[in-house]
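Summary of structural features
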Amino acid sequence: MILTGLLLLLLALLGAPLFGIIAASALLGFYRSDIDLSVVAIEFYRIAEMPVLLAIPLFTFAGYLLSESGAPRRLVRLTQALLGWMPGGLALVSLVACALFTAFTGASGVTIVALGALLYPALTQSGYRDNFSLGLVTTSGSLGLLFAPALPLILYAVIAQQLGIAHNITVDAMFLAGILPGLLMLSLLAAWSIFSNRSLPLTPFSASEALAAVKDAIWELPLPIVVLGGIYSGFFAISEAAAVTACYVLLVEVLILREIPLGKLPVVMRESMVLVGGILLILGLSLASTNYLIDAGVPSLLFETIRELVSDKLTFLILLNIFLLILGTMLDIFSALVLMVPLLLPIAIGYGIDPVHLGIIFLANMQIGYFTPPVGMNLFIASYRFNKPVLQLYLATLPWFLILLAALLVITYWPWLSLALL
């Protein structure tokens, strides 16, 4: 068994597809336990029955449509018109625009590529230091993962519900839980942006430009209101909100504004569904693998082992954050969720940690891990996108990294921040 595990680990290090490694481990485990291998197919059927699962492809498709349209440019113009007059105004514009865009696309790399071409030159031309501008765009690319309707929030709720050990986890609860922690991170970075650029000249507020920017973005403005207002008022279920969002974005960007030609629509559909297919494939296989681990008593054994080494909740949370930060540098957020949540959730509940609070800690670590040296994914995306050495990106993101680490400590040790709105 140990030899098999080492072989699978070696295959993973050599670049074998993640779903193949997960599938092999699950099938081997069930085979050695004399359990019919059709249980793996049953897991796919089980997740296919979940109504909330419809939200993942629909929100993903809407996010890809927005990224291919002129919505990023209109979003930057609107936030610049409304916030540009403040000290560090353009920096605040960048933070807010990236957070909102990431919330809808669910992928920080897409945000850096889509908005970076607009924001980075604008920041440097406005007198912001090069390293400050690089650090801001690289960091803020992952800020929106705690804001609805980001896919990681939905995926965490789906995985936790499948485990059947935490009944208070719903997609609505995760959407609400992410608001205050996300605002804390955004506020601290905004304060740093204002302080470090307080000597820059201010741009006077122009009512005419603000009105023109509002008119320019008039079709995108209803989106947050429709999605979030519909969900939190109870008018829409999550899957219904996703369907309305996808239909609205498709209607606006393809038929009304005509920024995405009909001939390009199949390409956008294919790219978005490739991502969705990868997520669902890993999710189904991971849940099958998780069921084997639960049947074999691995989470209980792991909890008892950790309990012998770590006696108190505070120490466990410190070790958990360190582990998740490292994990966030090596795995994309979707793979990390489906692989680690089934193992960590039972252990965290054993230490008295609320499952919803654990989800916010998990996702906060993941979004910081995206730009944690030496191998954070956003560092390399930004290096390629802006043609800068990775070492410069390390230095540029360091202040932002430290600020978000401080926010992470508050989120971790003050559960009220995540649970107050539930």
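Everything below is about the structure printed above this text.
A brief report on the enclosed structure follows. (Residues numbered from 1 in each chain as written. Predicted model: local features only at pLDDT ≥ 70, side-chain atom pairs only at ≥ 80, totals over all residues. Heavy atoms only, no water.)

1. Describing helix α14 (residues 238-256)
What counts here: Numbering of helices and strands runs from the N terminus; a helix is a DSSP stretch of H or I covering at least four residues, while a strand is a stretch of E covering at least two. What a helix should span is 1.5 Å times the count of its residues minus one. Using a 1.4 Å probe on the protein chains alone, a residue whose accessible area is under 20% of its type maximum counts as buried, one over 50% counts as exposed, and one in between counts as partly exposed.
When the terminal C-alpha atoms of α14 are compared, their 26 Å separation across 19 residues agrees well with the 27 Å that a helix rising 1.5 Å per residue should span. Of the residues making up α14, those classed as buried are I238, S239, A241, A242, T245, A246, V249, V252, E253 and V254.

2. What to know about the packing of helix α8 (residues 130-140) against helix α20 (residues 377-386)
What counts here: For helices, the fitted line uses only the C-alpha atoms of the stretch in contact; every axis is such a line through C-alpha atoms, and the angle between N-to-C directions lies from 0 to 180 degrees. Reported orientations rely on four angle classes, namely roughly parallel under 35 degrees, roughly antiparallel over 145, roughly perpendicular from 65 to 115, and oblique for the rest. For any helix crossing, the convention is left-handed if the near helix is rotated counterclockwise from the far helix by under a right angle, and right-handed if that rotation is clockwise. Note on contacts: a residue pair is in contact if any heavy atoms of the two residues lie within 4.5 Å. Amino acids are sorted into nonpolar (Ala, Val, Leu, Ile, Met, Phe, Trp, Tyr, Cys and Pro), charged (Asp, Glu, Lys and Arg) and polar (every other residue, Gly among them).
Across the interface, α8 lies against α20 with an axial gap of 10 Å and an inter-helix angle of 130 degrees. The angle between the axes of α8 and α20 places the two elements in the oblique class. The element α8 and its partner α20 pack so that their crossing is right-handed. Of the residues in α20, those in contact with L134, V137 and T138 of α8 are N378, L379, A382 and F386. Of the residues contributing to the contact of α8 with α20, the split by class is five nonpolar, two polar and no charged.

3. With respect to the side chain of S140
The cut-off we apply is this: For the purposes of these results, a polar contact is taken to be a pair of N or O atoms within 3.5 Å, where, inside protein, one atom must be able to donate a hydrogen and its partner to accept one; residues adjacent in sequence count only when each atom of the pair is a side-chain atom.
For S140, the location among the structural elements is in helix α8. For S140, a relative accessible area of 0% translates into the label buried. Polar side-chain contacts of S140 include one of 2.6 Å to the backbone oxygen of L136. Apart from the residues within four sequence positions on either side, S140 is in contact with S94, L95, C98, A99 and T102.

4. Side note on the packing of aromatic side chains
Stated formally: Each Phe, Tyr or Trp ring, with Trp reduced to its six-membered ring, pairs with another whose centre is within 6.5 Å; inter-plane angles below 30 degrees give stacked pairs, above 60 give edge-to-face pairs, and intermediate values give tilted ones.
Counted according to the given criterion, the structure contains five aromatic pairs. For the pair Y128 and F132, a centre-to-centre distance of 5.7 Å together with 15 degrees between the ring planes defines the contact as stacked. With relative accessibility at 8%, the residue Y128 sits in the buried group. With a centroid separation of 4.4 Å and 5 degrees between ring planes, the pair formed by F316 and Y351 is classed as stacked. Of this pair, F316 sits in helix α17 (residues 313-330) while Y351 sits in the loop between α18 (333-350) and α19 (355-369), and the two are 35 residues apart along the sequence. Given the relative accessible area of 6%, F316 is considered buried.

5. Remarks on the nonpolar core
The nonpolar side chains of a soluble globular protein tend to be buried with one another. Note the following rule: Only buried Ala, Val, Leu, Ile, Met, Phe, Trp, Tyr and Cys residues count toward a nonpolar core, and they belong to the same one when joined by side-chain atoms within 4.5 Å.
In this structure, L95, I154, M185, L337 and F362 are the most contacted members of the largest nonpolar core, which totals 116 residues. In terms of residues, this core owes the most to one element, α18, which gives 12 residues. The contacts of M185, once residues within four sequence positions are left out, are L143, L146, A364, Q367, I368, L404, A407 and I411. By size, the runner-up hydrophobic cluster in this structure holds eight residues, among which are I22, A23, A26 and V40.

As far as function goes, none of this settles anything; it's purely spatial.
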